[in-house]
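Architecture and fold: a report
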Amino acid sequence: MKPSIITIIPARYASTRFPGKPLADMLGKPMIQRVAERASSTGSRVVVATDDQRIYDCVQSFGAEAVMTSPEHRSGTDRCIEAYELVGRGEEIMLNLQGDEPFIQPEQIEALISAFDRAETQIATLAEAFAPDTPDIALCDPNVVKLVRGDLGQALYFSRSLVPHQRGRSEQLCQHHTYYKHIGLYAFRTNILPELKALPASPLELAESLEQLRWLAAGYRIAVEQTALSTIGIDTPDDMERACQYLRELERTRSDR
């Protein structure tokens, strides 16, 4: 029997690089609506968790479920945990789908959930291998989170910097090592959420501004499922313009069929 699942999308208005990002227009729809529609395509219950009345009202206007949460949260997962405490119905798995991933694929979500076929899995996430021809400047972009994966599929480390360092090599790095891009999607067994909520921020988390380092530092194992499907995360207005251009091309292709 498949576990019961709730997908929670954390969405806040304040953003250093892109204020108001969840409400940014993507060819006639706010981005948060496109993310919610993607999540709903998997059949799970979807809830947007926000601390901003404008986002709450927007989500209500397109008929999705929303819940107001505290503005004091340190991370998106902390917001998701509060949302689960407020509106959860005993679901076994909680998905934390980042509100800036409007192109996430149902197959990626299914791959993530498959990690829980293993009884020992407590937390799971996704990664995509960088193509061998990835330019070094794109690989080293601090907005793109890299991860190092162990032989058993577990996460060893996440970083905005390039890891691992290739000693003696300074260019065409992806041609000589397989690097992994972290995709902003997590899943948790809900029975560990109270433990995660109680964890203090770790020095690694504060240094990199990556919440998953808090869990690694505390000794939790994070299963990493691989996907060959690309996604387009949106961190800046420039990313949004590229995403809209991609969406236009998709819609043009569909209309030509």
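Our subject is the structure listed above.
These remarks concern the structure in this document. (Residues numbered from 1 in each chain as written. Predicted model: local features only at pLDDT ≥ 70, side-chain atom pairs only at ≥ 80, totals over all residues. Heavy atoms only, no water.)

**What about the pairing of strand β6 (residues 93-97)?**
With respect to burial, β6 is a largely interior element, five of its five residues being buried. Residue alternation in β6 divides its side chains into two sets, I93, L95 and L97 and M94 and N96, and both sets are buried. Pairing between strand β1 (residues 5-11) and β6: four bridges, direction parallel. Looking across to β6, one finds that I6 is bridged to M94. (Buried < 20%, exposed > 50% of the residue type's maximum accessible area, 1.4 Å probe, protein only. Helix = DSSP H or I, 4+ residues; strand = E, 2+ residues; numbered from the N terminus. Pairing = 2+ DSSP bridges.)

**Description of the nonpolar core**
Soluble globular proteins: nonpolar side chains tend toward being buried together. In this structure, I9, M26, L95, L185 and M240 are the most contacted members of the largest nonpolar core, which totals 37 residues. At five residues, helix α1 (residues 31-40) tops the list of elements feeding residues into this core. Aside from chain neighbours lying at most four places away, what touches I9 is I32, V35, A36, A39, V46, V47, V48, A49, L97, Q98 and G99. Within the second largest apolar cluster, 31 residues are counted, among which are V67, I192, L196 and L210. (Core = buried A, V, L, I, M, F, W, Y, C linked by side-chain atoms within 4.5 Å. Contact = heavy atoms within 4.5 Å.)

**Brief notes about helix α4 (residues 106-114)**
Buried residues of α4: Q108, I109, L112 and I113, and no others. Looking straight down α4, one finds that the buried residues subtend no more than 135° of arc, so they occupy a single side. As for α4, its buried residues are in contact with β1, β6, β7 (123-129), β10 (180-189) and β11 (222-226). (Arc of directions from axis to C-beta.)

**Quick look at α1**
By the criterion of burial, α1 is predominantly enclosed, with seven of the 10 residues buried. What α1 keeps buried is the set M31, I32, Q33, R34, V35, A36 and A39.

**Some words on the pattern of salt bridges**
Pairing is possible between side chains of opposite charge, provided their charged atoms come close. Using the criterion set out here, one finds 14 salt bridges in the structure. In this structure, E65 engages R45 in a salt bridge whose closest nitrogen and oxygen atoms are separated by 2.7 Å. Of this pair, E65 sits in strand β5 (residues 65-68) while R45 sits in strand β4 (residues 45-50), and the two are 20 residues apart along the sequence. Assessed through its relative accessible area of 27%, E65 is described here as partly exposed. In this structure, R118 engages E225 in a salt bridge whose closest nitrogen and oxygen atoms are separated by 2.9 Å. Of the two residues, R118 is situated in the loop between α4 and β7 and E225 in strand β11; the sequence distance between them amounts to 107 residues. Judged by its relative accessible area of 35%, R118 is partly exposed. Ionic contacts of the salt-bridge type, sharing partners, join the residues R74, D78, E205 and R214 into one network. (Salt bridge = Lys/Arg side-chain N within 4 Å of Asp/Glu carboxyl O.)

**A look at the packing of aromatic side chains**
For the coordinates displayed, the defined rule picks out four aromatic pairs. The structure contains a cluster of three or more aromatic residues connected by ring pairs, namely Y186, F188 and W215. In this structure, R54 packs its charged tip against the face of Y13, placed 3.6 Å from the ring centre. (Phe/Tyr/Trp six-rings, centres within 6.5 Å; stacked < 30°, edge-to-face > 60°. Lys NZ or Arg CZ within 6 Å of the ring centre and 35° of its normal.)

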